[in-house]
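Coordinate analysis (summary)
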Amino acid sequence: MTALAEPASERRDTAGLVARRLPGHALEAPFYVSDEFLALDLAAVFSRHWIFVATEAEVPEAGDYVTIDVGPYSVIVLRDDDEQVRALHNVCRHRGSRILHDAAGSVGNLVCGYHQWTYSTDGTLMHAGQQAPGFDKSCFGLKQVAVRSVEGLIFVCLAADPPADFDDVAARITPYLAPHQLRTTKVAAQEDLIEHANWKLVMENNRECYHCEAGHPELTCTFFPTYGYADDEIPKRLLPAHSRYLEATSELERECDARGFPYALISELSGRPTGFRVRREALDGAGESYTRDGRAASRILLGDLDTPRMGRLSLHFQPNSWFHFLGDHIVTFSVLPLAADRTLVRTTWLVHADAVEGVDYDPATLTEVWHQTNAQDGAFVARAQAGVRDPAYSPGPYAPTETDVEEFVAWYIERLKEYANR
Amino acid sequence: MTALAEPASERRDTAGLVARRLPGHALEAPFYVSDEFLALDLAAVFSRHWIFVATEAEVPEAGDYVTIDVGPYSVIVLRDDDEQVRALHNVCRHRGSRILHDAAGSVGNLVCGYHQWTYSTDGTLMHAGQQAPGFDKSCFGLKQVAVRSVEGLIFVCLAADPPADFDDVAARITPYLAPHQLRTTKVAAQEDLIEHANWKLVMENNRECYHCEAGHPELTCTFFPTYGYADDEIPKRLLPAHSRYLEATSELERECDARGFPYALISELSGRPTGFRVRREALDGAGESYTRDGRAASRILLGDLDTPRMGRLSLHFQPNSWFHFLGDHIVTFSVLPLAADRTLVRTTWLVHADAVEGVDYDPATLTEVWHQTNAQDGAFVARAQAGVRDPAYSPGPYAPTETDVEEFVAWYIERLKEYANR
Amino acid sequence: MTALAEPASERRDTAGLVARRLPGHALEAPFYVSDEFLALDLAAVFSRHWIFVATEAEVPEAGDYVTIDVGPYSVIVLRDDDEQVRALHNVCRHRGSRILHDAAGSVGNLVCGYHQWTYSTDGTLMHAGQQAPGFDKSCFGLKQVAVRSVEGLIFVCLAADPPADFDDVAARITPYLAPHQLRTTKVAAQEDLIEHANWKLVMENNRECYHCEAGHPELTCTFFPTYGYADDEIPKRLLPAHSRYLEATSELERECDARGFPYALISELSGRPTGFRVRREALDGAGESYTRDGRAASRILLGDLDTPRMGRLSLHFQPNSWFHFLGDHIVTFSVLPLAADRTLVRTTWLVHADAVEGVDYDPATLTEVWHQTNAQDGAFVARAQAGVRDPAYSPGPYAPTETDVEEFVAWYIERLKEYANR
């Protein structure tokens, strides 16, 4: 149900709503509740930008695939017979049937079960039963989807002309990610959570930690309590914690410098199609990983790392993902809209391919912090969704700690404007 | 699904449908089935009139609250720290989160769980974390909703300019209600029933007893079987019942006159924004209450009443409520639309605050008649909803006993016209 | 959810989509997924053509009825007090309530449970409580629906002016159906399957057997494996099967000629309002019935038949039905849209009225082939529905064996054009 007290005509005036968006404030209700904006978001954002969908660790062998629903699209991400990661539309060229029905699996060829049209793993149509003279198989291969892997993170773009600035972003984030060698990891756990909120509320929630102190007791175990304060605004009671933070940060930077790992913040979350933010930061507690005590959750370190105290390499990507690379594991997040008020959040935990479950890592310990944090966030955004659809809702001002929320919304508005002027 | 055989354009021509409504006949299908009319009803009726939502007995102490959903709105009805009944929009002024999530409870302050914005019980913003310089807390109090209590019946109006004729109505019904002293009662039982019909079918069903004889065996135990007949049309077989009715009525009027209680019918169900109807009438059987045998269901009489034989004081209110005040208990009904074809009917039974459950009253006996009657009505209106969406449906004529249905519909059409011309 | 990547305006341009339909190819996505086309299909196809809904065996006695939902309509099909099959709208003429609530049953009169309006089995209003002077009961009979029975197959048409060519079709198919004497059968089993696909995908699936070889192992037990091949294209490996087919066909034709039963193909699936196709064909295996081994499933032959080897008399009817008449039983199929992506398929198995369950026939054996085939088809069309709503879907070409699919689609497009020009 859309915001009923507003006339439908106003609710559907997406261009007007985009034009009058007030910087520094949350979006107006129709952005979060109307089917018109869901359709616009799918067309202008999800169909035209690079979307994170999976990792190479999920398709390790030729023939391995995952299927990903991006709105009404189903995309097959698979490793083809030449060991290349490839993405294909999961739609038979005959009468449109889905070809693969499972979320993940392994195939020899891609065979449509309806009339046995058979495609090779690169999408070429090999067999199609009896056809009329003049039928040209080469015209009926599966449609290709643009795909890129950055250090094992797989991004797809549904557009024919994907944003060209992705190469630049890939080049700049690669040195940050490389030491963790994602391509030598395996999936230790994966969790799909359906949050009852618009995808943008899910992203906005991720882009600030104003709600963390009261809302995320597990996550904040490894956050310095000065998080969010400017250096000259630290309250007196937090000065000891601030010293701890400065010391841990110096140590992390020394270790990185010694190994040639970059750590400085790059924040280009808006102002470009492929908005991103990357930084390596120290963790509080034992300083090793996202666990309650901050100790590593897996005994086998990633890549060639020789210390678990590498802090967290955090990468944020517009429009739909974020990532934390720790010394012992990687956790990835993808956000995909299911409806105006329902969103899939997929969380994947990766450990070294040689790590043995029950010996080197305990999945419950590995996943605890983000499992709890996701559940808490799911409750927060569901309550926000219920509220923003109330006709009494009016967008409030963002606090100084909500800068990256503002950046996300600013990026989103830029993209809608760019789409309108295309 | 809307009425599919009609073109969408016609279905959406709400103004044309309002203009051509045939007096004395049921409404055309789109009024009951289309999302356009649901939106219009919420905007023109539920957002602009006084809506009954709760009783003071539900919020006896400072900090006690109930939350009420009126279409997409959530309204907090609470008793503030000054013991006043107050109504607030349940929407945080920061990023719109719902503040209260339960249907009822008790609070000290109103704290939004998302970022800990904290409001006092009168809606004032007290704390809002770190904010930018220039942030003015006084601009971000919870939005107020107009609220009035008439002898403990709580009405809210979502409009900035509520109908002014409410004061007149309140003044005229107060003497009818006052002897029952609702403010000294407590809630003995409450039942929420979701009926699968448009809210107007629910109201129309309530506004006639043509269907009672065959449809409500429990309710009609205390109805004189001459109900619905004009005095000069009583069938011969019902003459004894008619004598009984006349005698009971004379007795009731004598008792009322002796105590200064008004009983005469006032019926202004249409022709004004705050349509209402009030009357005290005799009951058949023991004549005391809405029970199978007509005897009181609670041993403690309400207020200062000295006899249970006070008949039923029945109050009907446009657009969404009706009430029966008996000597021993009060029963209130509120009707709130959930969707074009789904409606919440909340029934609340109130007894004297000193009555002890299991000693002075048995909840099963107290609620039996209206519990059964509600269930029967729920089935009737669901079957009507299924029928009116059939393209073969054409509005039939109201019978002479359906006068108050016609009044309800006439009031409704008046309100839509007034809204269109505002 | 409709096809989100397309602008709504394009999706709703039903006329443009009809006009540009490419012959020999599947329909574009909006035909299968949009609510606009569902509404158009109900208005242009289901409300204006003869729709198969039931058999006379389902209403054997006066007062017996079935209720059938055709989109938002509910139609009562009953045998009236004069033993005639009659169809009435299931909508009370007072305030629109449904009168009958069960899928099937038996009544004396038709009594609306809401206010006791009472109609005779021919729809005449007999009683309506107290009414105002001038109320004319003869104006408020139940609305009639056009109805025809062809050898016991009951068709209704919701239009005031049903297609006139039905008489011609009835006359031409009657000699094919007559030997099986449906009116002397009884219902042995009935199965309602909700398929998660548009009704046209359900029909298209029925109109080809390209998918049978891999998809329907039970059904193809009695199909000659040369099905779908032209006589001059039989692969060498199938020549023995082809000889078997030719021999069985000759035998069937001799037997039919001896009894005066027609068997030749009449195929007029498009080019007329009442499109149809009828033919008697030989079965492989024992050649008697739709069972795994081809033997009769009921020991009592239908009508006056003296041999079970009568092959299958197959009748296809636009828009919503098909039928197989065997020597020992009849199976009928009706297809009714529930939503753009949900369709009811009702399958009814009829055996001789004298056949005794458990003695003359085993319901599990009787229903096995089509129960399995329906379930398989339900899965196929659900996967097609998921695919055609994908923006990557583009209609592919029909194969030579999909001629009757093309005929169905061509008929459908003709009907939409005729409706637009009415």
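Just so it is clear, the structure is predicted and the values come from calculations on it, not from any experiment.

1. Side note on the packing of aromatic side chains
Within the structure shown, the criterion is met by 60 aromatic pairs over all chains. Taken together, a centroid distance of 4.8 Å and an interplanar angle of 85 degrees make the contact between Phe46(A) and Trp199(A) edge-to-face. Of this pair, Phe46(A) sits in helix H4 (residues 35–46) while Trp199(A) sits in helix H6 (residues 199–206), and the two are 153 residues apart along the sequence. Here Phe46(A) and Trp199(A) have matching classes, each one buried. Where Phe155(A) meets Phe317(A), the ring centres are 4.6 Å apart and the plane angle is 40 degrees; that geometry is what we call tilted. Of this pair, Phe155(A) sits in strand S10 (residues 153–157) while Phe317(A) sits in strand S14 (residues 312–317), placing them 162 residues apart in sequence. You'll find Phe155(A) and Phe317(A) in the same group, each marked buried. Members of the aromatic cluster, each reached through a chain of ring pairs, are Phe31(A), Phe37(A), Phe46(A), Trp199(A), Phe408(A) and Tyr412(A). Across from the ring centre of Tyr419(B), 3.8 Å away, lies the NZ or CZ of Arg422(B), which sits over that ring.

2. Overview of the relation of the copies chain A and chain B
When chain A is fitted to chain B, the best match, at an RMSD of 0.0 Å, comes from turning it 120 degrees and sliding it 0.0 Å along the axis. One copy is carried onto the other by what is essentially a three-fold rotation axis.

3. Topic: the interface of chain A and chain B
Bring the parts together and some accessible area is lost; that lost area is often taken as the interface size. Each side of the interface is counted separately: chain A has 34 residues, and chain B has 29 residues. Across the chain A to chain B interface the summed buried area is about 2600 Å²; carbon plus sulfur atoms make up 58%. Joining chain A to chain B, the criterion identifies 3 salt bridges. Between Arg95(B) and Glu402(A) there is a salt bridge, with its nearest N and O atoms 2.7 Å apart. Where chain A packs against chain B, one counts 16 residue pairs in polar contact (both at pLDDT 80 or more). Sorting the residues of the side of chain A that touches chain B by element identifies H6 and helix H9 (363–388) of chain A as the ones contributing at least two each. Of all the elements, H9(A) adds the most residues to the side of chain A that touches chain B, at 7 residues.

4. Here's the deal with the packing of helix H4 (residues 35–46) of chain C against helix H10 (residues 403–420) of chain C
All names here are of chain C. Closest axis-to-axis distance for the H4/H10 pair is 10 Å, and the angle between their directions is 80 degrees. In terms of orientation, H4 and H10 fall into the roughly perpendicular class. Here H4 contributes Phe37, Leu40, Asp41, Ala43, Ala44 and Val45 to the contact with H10, which in turn contributes Trp411, Tyr412, Leu416 and Tyr419. Broken down by class, the residue content of the contact of H4 with H10 amounts to 9 nonpolar, no polar and 1 charged.

5. Considerations on the sheet that holds strand S1 (residues 51–55) of chain B
Neighbouring strands of a sheet are bound in pairs by backbone hydrogen bonds; such pairs are parallel or else antiparallel. Residues and elements named next belong to chain B. The 7 strands are arranged S1-S10-S9-S4-S3-S2-S5 in an open sheet whose pairing can be described as antiparallel. Only two strands of the sheet have a single partner each, and these edge strands are S1 and strand S5 (104–106). The mean angle between the axes of side-by-side strands here comes to 30 degrees, regardless of whether they run parallel or antiparallel. Relative to the sheet, helix H5 (residues 166–177) contacts strand S9 (144–150) and strand S10 (153–157), its axis offset from that of S9 by approximately 35 degrees.

6. Quick notes on the domain arrangement of chain A
All names here are of chain A. What the domain assignment reports for chain A is domain 1 (25–48 + 165–421) and domain 2 (51–162). Averaged C-alpha coordinates put domain 1 and domain 2 at centres separated by 30 Å. Taken together, both faces of the contact between domain 1 and domain 2 bury some 2200 Å²; the carbon and sulfur share is 66%. Its largest share of buried area at the contact with domain 2, domain 1 owes to Phe166, Leu182 and Arg183, together 24% of the area lost on that side. Where Arg183 meets Glu56, a salt bridge forms, and the shortest distance between an N and an O atom there is 2.8 Å. Breaking the side of domain 1 that touches domain 2 down by element, the ones donating at least two residues are H4, helix H5 (166–177), strand S11 (185–195), S14, strand S15 (321–325), strand S16 (329–339) and strand S17 (342–352).

7. Focus: the sheet that holds strand S10 (residues 153–157) of chain C
Residue and element names in this part refer to chain C. Reading across from one edge, S1-S10-S9-S4-S3-S2-S5 is the order of the 7 strands in this open sheet, with antiparallel pairing throughout. Strand pairing shows two members of the sheet lacking a second neighbour, strand S1 (51–55) and strand S5 (104–106), which therefore form its edges. The average undirected angle you get between the axes of adjacent strands in this sheet is 30 degrees. Here strand S4 (residues 85–89) pairs with strand S9 (residues 144–150) via 2 bridges, running antiparallel. Paired with Leu88 across the two strands is Gln144, which belongs to S9. Running over the sheet, helix H5 (residues 166–177) touches S9 and S10 and is turned about 35 degrees from S9.

8. Describing the UniProt feature "domain: Rieske" (unreviewed entry) in chain A
Under the feature "domain: Rieske" (unreviewed entry), the UniProt entry names residues 50–156 of chain A. Helix makes up 0% of residues 50–156 of chain A and strand 42%. Its end C-alpha atoms lie 5 Å apart.

9. Some details on the interface of chain A and chain C
Across the boundary between the two partners, chain A contributes 29 residues, which contact 34 residues of chain C. At the boundary of chain A with chain C, total buried surface from both sides reaches about 2600 Å², with 57% on carbon and sulfur atoms. For the chain A face of the interface with chain C, the top three residues by lost area are Arg95(A), Tyr114(A) and Gln130(A), together amounting to 29%. In this assembly, chain A and chain C are joined by 3 salt bridges. A salt bridge links Arg95(A) to Glu208(C), with the nearest nitrogen and oxygen atoms 2.9 Å apart. At 3 residues, H4(A) tops the list of elements feeding residues into the side of chain A that touches chain C. Residues that form the side of chain A that touches chain C fall into these classes: 13 nonpolar, 12 polar and 4 charged.

10. Here's the deal with the environment of Ile173(A)
All names here are of chain A. Along the polypeptide, Ile173 turns up in helix H5. Sequence-wise, Ile173 and Phe276 are 103 residues apart; in three dimensions their C-alpha atoms are separated by 9.2 Å. Every residue in contact with Ile173, bar those within four places of it in the chain, is listed here: Val150, Phe276, Val278, Leu315 and Phe317.

Calculation criteria
- Residues numbered from 1 in each chain as written.
- Chains lettered and ligands numbered in written order.
- Predicted model: local features only at pLDDT ≥ 70, side-chain atom pairs only at ≥ 80, totals over all residues.
- Heavy atoms only, no water.
- Phe/Tyr/Trp six-rings, centres within 6.5 Å; stacked < 30°, edge-to-face > 60°.
- Helix = DSSP H or I, 4+ residues; strand = E, 2+ residues; numbered from the N terminus.
- Buried < 20%, exposed > 50% of the residue type's maximum accessible area, 1.4 Å probe, protein only.
- Lys NZ or Arg CZ within 6 Å of the ring centre and 35° of its normal.
- Least-squares fit on C-alpha atoms with pLDDT ≥ 70 in both.
- Contact = heavy atoms within 4.5 Å.
- Buried area = accessible area lost by both parts, 1.4 Å probe.
- Salt bridge = Lys/Arg side-chain N within 4 Å of Asp/Glu carboxyl O.
- Polar contact = N/O pair within 3.5 Å; in protein donor to acceptor, adjacent residues only side chain to side chain.
- Axes fitted to C-alpha atoms, helices over the stretch in contact; angles between N-to-C directions.
- Parallel < 35°, antiparallel > 145°, perpendicular 65-115°, else oblique.
- Nonpolar A, V, L, I, M, F, W, Y, C, P; charged D, E, K, R; others polar.
- Pairing = 2+ DSSP bridges.
- Domains from an automatic or database assignment.
- UniProt positions renumbered as here; feature names shortened; annotations may be inferred.

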